[in-house]
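The residues making up each chain are set out below.
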Amino acid sequence: MPKKPTKKTSPCALTELPALGLASKDVINGIRQHYSYTLGRDLPCDAPHYLYTALALTLRDRLMERWRNSKDAYRDASGRRAYYLSMEFLIGRSLGNAMLNLGMTGEVSKALYDMGLKLEDLVSEEQDAGLGNGGLGRLAACFMDSCATLQLPVMGYGLRYEYGMFRQSIDNGFQVENPDHWLRNGHPWELERPELTARIRFGGRTEIFRSRDGRDRVRWLDSNDVLAVPFDVPVPGYKNGTVNTLRLWKAAATDEFDLDEFNAGDYAESVASQNAAENITMVLYPNDANENGKELRLRQQYFLASASLQDVLRRWKSRYGKDFTEFAALNCFQLNDTHPSIAVAELMRLLVDENDLLWNDAWEITRNCMAYTNHTLLPEALERWSVPLFRQLLPRLLEIIFEINARFLGRVATHWPGETERLTRMSIIEEGPVQQVRMAYLAIVGSFSVNGVAELHSNLLKQGLFRDFYELWPEKFNNKTNGITPRRWLAWCNPGLSGLIDSAIGEDWRTDLSQLSRLKPLADDAAFRERWQAVRLANKEQMIAFKSELINLHMGPDALFDVQVKRIHEYKRQLLNILHVIHLYDRLKHGDSADITPRCVLIGGKAAPGYAMAKQIIKLINNVAQMVNVDPLSHGRLQVAFLPNYRVSAMEIICPAADLSEQISTAGKEASGTGNMKFMLNGAVTIGTLDGANIEIREEVGEDNFFLFGLTAEEVETTRPHYNPEAIIAADEDLSRVMRLLECGYFNQFEPGIFDGIIASIKNPHDPWMTAADFRSYLDAQHRAAVAFRDQDAWTRMSILNCAASGRFSSDRTIGEYNQDIWRLTPIVPKAVG
Ligand code: N85
């Protein structure tokens, strides 16, 4: 770690530099300098990777100036700040975003053109930063973009995983997971800050002692410590001079050798054992549902919470010393699901054990600065940790949780005297053969705000999972419907449509997405519709060209592009989608193809490596694709493809090219969805259930421009007790035929039995996802969509209306609401550069 300089060098002398130019000539200079000096390349080399890095560093230089001014402005304002704590930030690529938000797209393109380079070639050199599983992680990234664009003093805290989300390849139809060593070729967007390293404790034991003021205190002894080294990533706002910080922690070993081993001559072993420490941030857990009981995962969670809180307290104390009276008034932590919720107990520990506060004062602070966002309705996805594991790994934290729980249950007992059932239900500690810590309950008890991520989801939380807590504290509960950033998800990924929209309503929609409603009247303008359709056809051509490297898409851009991309999960019902494909194929085989709409069904997504059923579904999609695609009957009528390795940068190509967006989860199961919003913004029409944010999407766009099907969340629950899929199959000719094809092994002729699990799940009266129940209604909706698509002009009208109605789904709106209701921050404008 660099030593602090003994004599202070004047900061001005070091940092006062003339502003860097933004013109193409300045970009060319920057690229040349970095290419030769920073990267030390001396031959006119055509390796695009170095050119990408040189351009990235050129842009980063411009970000640096704005970053410093933003930090200065936040420090000088000394106002309230918020921190977004998340185990996942699914950033994707940063080059295009930096260029766009710096307002340099035009000048960079010109510079590259003058140098004989193609922007796309450099862009595609960048590895996705895949530091997340799916929606929750991508939401965090969109939120960071919106916070910077709204000039809010919000800092992100996360983990710098050495290996991000695995790369998926397909072998004989099966998913294969490959490690994603995304940092291998360097990551130009980060800045290591070793001087801000924090120390994190694990294991050991606790001891009570009497302090000088006569109080009983606790100390944590004999712990095994790990260092947390921050890496800062700049988060630029859209053309506003603000650059916020995303601070990602990397685990590093302390230099303390195990002296006993060392003296015994086991030098190498002693050094090697330090590796265990570095494992903490080695890999992202690839589960988008609960990761059951893995010790390493709990280590990661505590590592994030402790490092981030220590960082905030360090800044606080450098300013206010040990006076914490204003702490809750000036700091707010947003917990992205329960993953970082151990922060509740850790803040108590830091305040009480390390900063001498009394319990009650510390608790008052803690519960006034924590806010919790829930992202799931699936009870099995709620995090629980076994008490013995907790005790062994984090003994002091467990004591604090027990104390929080004891005081909380006292409160419950006063509120509902004599209701012992309620005490059992609401306890943070679940009783059973092995006691469990219920992290969601800890998060609720320790927060002043609890929110869901779409209207339906927030309401269902109040009625179901968190009902008791809602009855106790109704004022804590609120809704914040998710959103997506229009910079990445329209301006950057769909330049064709962006240009057309600009020509119609100007450019302001980038920061005020409600402006898109001005496109509505243009849906009735035939000339505009024609231009809209032309752009969308070009996007489809582009996707075909791009994907043909991996899969052979023989369908032309005139076909209906029917797309479902998201994590593979039973509740998301990729299975229902493929059953529909089998039905279409069955119709073709029986000569029922007179009025079939040419359709290209694209399905992509990763299955958690240990989720057998999800992996079977991928295999089924691939096997169906293989049968359908080679059959001459399908030619020009039907194609199915599984898109391997779905990720952020793939979505940037896919969503501008989709006609039909599949949002077909069992109602009441998808908390919100955000892919649904990306498709809508780019002019796709949704086929969906009344689930998550689909409901709000349909409200905005109107029922005529949305293909609705399926049971409602309420109907799902009332149907469940007498659900009889076999009877449904028997009564439905089309479903019977589909099931017969599956059962006779039509799609697995040389792989007997591999789909038995899937078949059984459809026929199971306890199938939680009730696939058979929605089959008929789904087929009808698909038929309506197919018929509608044949009238291209009418379809284009719907497409325009979908985009025009998507303004509400900007993450700027979402963040505006978080700020108004929870964070209450004042926007801060940094000094302009230059
Ligand atoms: N949830 C989501 O993406 N969850 C995860 O990625 C996740 C859960 C989890 C549990 C999505 C343990 C360990 C790692 C984990 C919801 O499904 C969407 O409906 N990772 C919602 O739109 C999205 O969060 C954003 O709110």
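Our structure's up above, just so we're on the same page.
Please read all numbers here as calculations on a predicted model, not as lab measurements.

Colleague: Tell me about the overall build of the protein chain, and name the residues and values.
Modeller: Across its full length, the protein chain holds 35 helices and 25 strands. Seen along its three principal axes, the alpha-carbon backbone of the protein chain occupies a region of about 90 × 75 × 60 Å. Of the contacts made within the protein chain by residues no fewer than 6 positions apart, 78% connect residues no fewer than 24 positions apart. Just so you have it, the protein chain exposes about 32,900 Å², and 51% of that area is on carbon and sulfur atoms. Here the protein chain holds 93 positive side-chain charges and 107 negative ones, and the gap between their average locations is 4 Å.

Colleague: Give a description of the site of the ligand that names residues and reports values.
Modeller: Taken together, 22 residues surround the ligand, and among them Leu-136, His-375, Asn-482, Glu-670 and Gly-673 come closest. Side-chain polar atom of Asn-482 to an oxygen atom of the ligand: 2.8 Å apart, as the coordinates give it. In this structure, an oxygen atom belonging to the ligand sits 3.2 Å away from a side-chain N or O atom of Tyr-571. Protein burial of the ligand: of its 550 Å² of free accessible surface, 93% is covered by the chains. Counting residues per element, the shell around the ligand draws most heavily on helix H7 (residues 135–149), which supplies three residues.

Colleague: Any chance you could break down the environment of Arg-210 for me, citing the residues and the numbers?
Modeller: Secondary-structure assignment places Arg-210 in strand E9 (residues 205–210). On the accessibility criterion, Arg-210 (57% relative accessible area) is exposed. Between the C-alpha atom of Arg-210 and that of Glu-714, which follows or precedes it by 504 residues, the distance is 57 Å. Sequence-distant contacts of Arg-210, that is, excluding residues within four places in its chain, are made with Arg-215 and Asp-216. Within polar-contact distance, the side chain of Arg-210 engages the backbone oxygen of Gly-214 at 3.5 Å.

Colleague: Can you tell me about the packing of aromatic side chains, naming the residues and giving the values?
Modeller: Applying the stated criterion across every chain, the model contains 25 aromatic pairs. Ring geometry for Tyr-84 versus Phe-89: centroids 6.5 Å apart, planes at 65 degrees, classification edge-to-face. For Tyr-84, a relative accessible area of 1% gives the class buried. Both rings, one in Tyr-585 and one in Tyr-746, keep their centres 6.4 Å apart while their planes meet at 55 degrees; by these two values the pair is tilted. Within this pair, whereas Tyr-585 is found in helix H24 (residues 574–589), its partner Tyr-746 is found in the loop between helix H31 (733–743) and helix H32 (756–763), the two being separated by 161 residues in sequence. Grouping residues by exposure puts Tyr-585 and Tyr-746 together as buried.

Colleague: Requested: an account of the side chain of Arg-60, with residues and values cited.
Modeller: Turning to its location among the elements, Arg-60 is positioned in helix H3 (residues 48–77). Buried charge without a salt bridge: Arg-60, with Asp-61 as the nearest opposite-charge side chain at an N-O distance of 5.2 Å. A polar contact of 3.2 Å, which involves the side chain of Arg-60, links it to the backbone oxygen of Glu-190. When sequence neighbours within four positions are dropped, the list of residues in contact with Arg-60 reads Pro-188, Trp-189, Glu-190 and Leu-191.

Colleague: Which residues make up the sheet that holds strand E17 (residues 436–438), and what values go with them?
Modeller: The three strands are arranged E15-E17-E16 in an open sheet whose pairing can be described as antiparallel. A single partner strand is all that each edge strand has here, and the edge strands are strand E15 (384–386) and strand E16 (429–430). Pairing analysis gives three bridges linking E15 to E17, with the strands arranged antiparallel. Within E17, the position partnered with Arg-384 by the bridge is Arg-438.

Colleague: Could you give an account of empty space enclosed by the protein, naming the residues involved and the relevant values?
Modeller: In total, this model carries four cavities of 30 Å³ or more according to the counting rule given. Lining the largest cavity are 17 residues, and of these Ile-91, Ser-94, Asn-97, Pro-234 and Val-235 lie nearest its centre. Listed by contribution, the elements that provide at least two residues to the lining of the largest cavity are helix H4 (95–101), H7 and strand E11 (224–236). Here the lining of the largest cavity is built from residues that sort into 11 nonpolar, three polar and three charged. Glu-570, Arg-573, Leu-575, Met-613, Ile-617, Ser-761, Asp-767, Trp-769 and Thr-771 are the residues that line the second largest cavity.

Colleague: Before we move on, can you summarise unusual backbone geometry with the specific residues and values?
Modeller: Despite not being glycine, Gln-151 shows a phi value in the positive range, around 55 degrees. Considering the arrangement of structural elements, one finds Gln-151 in the loop between H7 and strand E4 (154–159). Here the phi dihedral of Met-770 falls at roughly 45 degrees; this positive angle occurs in a residue that is not glycine. Along the chain, Met-770 falls in the loop between H32 and helix H33 (771–790). Accessibility expressed as a relative area gives 1% for Met-770, which makes it buried.

Colleague: Please give an account of the side chain of Gln-334 that cites residues and values.
Modeller: Within the fold, Gln-334 resides in strand E13 (residues 331–336). According to the relative accessible area criterion, Gln-334 is buried, its value standing at 0%.

Colleague: Quick rundown of the environment of Arg-531? Include the residues and the values.
Modeller: Relative to the helices and strands, Arg-531 is located in helix H23 (residues 526–547). Distance from Arg-531 to Thr-796, taken between C-alpha atoms, is 9.9 Å for residues 265 residues apart in sequence. Side chain to side chain, Arg-531 and Ser-503 meet in a polar contact 3.4 Å long.

Colleague: If you had to explain the nonpolar core to someone new, which residues and values would you point to?
Modeller: Among the nonpolar cores identified, the biggest contains 117 residues, and Phe-303, Phe-327, Phe-390, Leu-394, Ile-404 and Trp-823 are the most heavily contacted of them. In terms of residues, this core owes the most to one element, helix H11 (residues 295–320), which gives 10 residues. The contacts of Trp-823, once residues within four sequence positions are left out, are Arg-80, Ala-82, Tyr-84, Cys-147, Val-154, Cys-332, Gln-334, Ile-815 and Tyr-818. Formed by 61 residues, the second largest nonpolar core is a distinct cluster that contains Val-581, Ala-614, Ala-625 and Val-685.

Colleague: Report on the sheet that holds strand E22 (residues 638–643), specifying residues and quantitative values.
Modeller: With respect to topology, six strands assemble into an open sheet ordered E22-E21-E20-E23-E24-E25, the strand pairing being parallel. Looking at the sheet topology across the chains shown, the edges are occupied by E22 and strand E25 (707–708). Where strand E24 (residues 685–688) meets E25, two bridges bridge the pair, whose relative direction is parallel. Within E25, the position partnered with Ile-687 by the bridge is Phe-707. Its contacts with the sheet place H24 against strand E20 (560–565), strand E21 (599–604), E22 and strand E23 (660–663), and it is angled at close to 155 degrees to E21.

Colleague: Outline the pattern of salt bridges, supporting the account with residue identities and numerical values.
Modeller: Enumeration over the complete set of coordinates arrives at 65 salt bridges. Two residues, Arg-160 and Glu-162, come together in a salt bridge whose shortest N-O distance is 4.0 Å. Overall, Arg-160 belongs to the buried group, its relative accessible area being 7%. For Glu-162, a relative accessible area of 18% corresponds to the buried category. Close ionic contact of Arg-573 with Asp-774 constitutes a salt bridge, the shortest N to O distance being 2.7 Å. Of the two residues, Arg-573 sits in the loop between E20 and H24 while Asp-774 sits in helix H33, which places them 201 residues apart along the sequence. As far as the burial class goes, Arg-573 and Asp-774 line up, both buried. Overlapping salt bridges bring together Arg-193, Glu-195, Asp-232, Arg-247, Asp-311, Arg-314 and Arg-315 as one network.

Parameters and conventions
- Residues numbered from 1 in each chain as written.
- Predicted model: local features only at pLDDT ≥ 70, side-chain atom pairs only at ≥ 80, totals over all residues.
- Heavy atoms only, no water.
- Helix = DSSP H or I, 4+ residues; strand = E, 2+ residues; numbered from the N terminus.
- Contact = heavy atoms within 4.5 Å.
- Areas by Shrake-Rupley, 256 points an atom, 1.4 Å probe, with all protein chains shown as cover.
- Lys, Arg positive; Asp, Glu negative; His and termini not counted.
- Charge placed at Lys NZ, Arg CZ, Asp CG, Glu CD.
- Near = heavy atom within 4 Å.
- Polar contact = N/O pair within 3.5 Å; in protein donor to acceptor, adjacent residues only side chain to side chain.
- Buried < 20%, exposed > 50% of the residue type's maximum accessible area, 1.4 Å probe, protein only.
- Phe/Tyr/Trp six-rings, centres within 6.5 Å; stacked < 30°, edge-to-face > 60°.
- Salt bridge = Lys/Arg side-chain N within 4 Å of Asp/Glu carboxyl O.
- Pairing = 2+ DSSP bridges.
- 1 Å grid on protein atoms, 1.4 Å probe; cavity = no way out; pocket = protein on both sides within 12 Å on 5 of 7 lines; lining within 4 Å.
- Points joined across faces, edges and corners; volume = space filled by probe spheres on them.
- Nonpolar A, V, L, I, M, F, W, Y, C, P; charged D, E, K, R; others polar.
- Core = buried A, V, L, I, M, F, W, Y, C linked by side-chain atoms within 4.5 Å.
- Axes fitted to C-alpha atoms, helices over the stretch in contact; angles between N-to-C directions.

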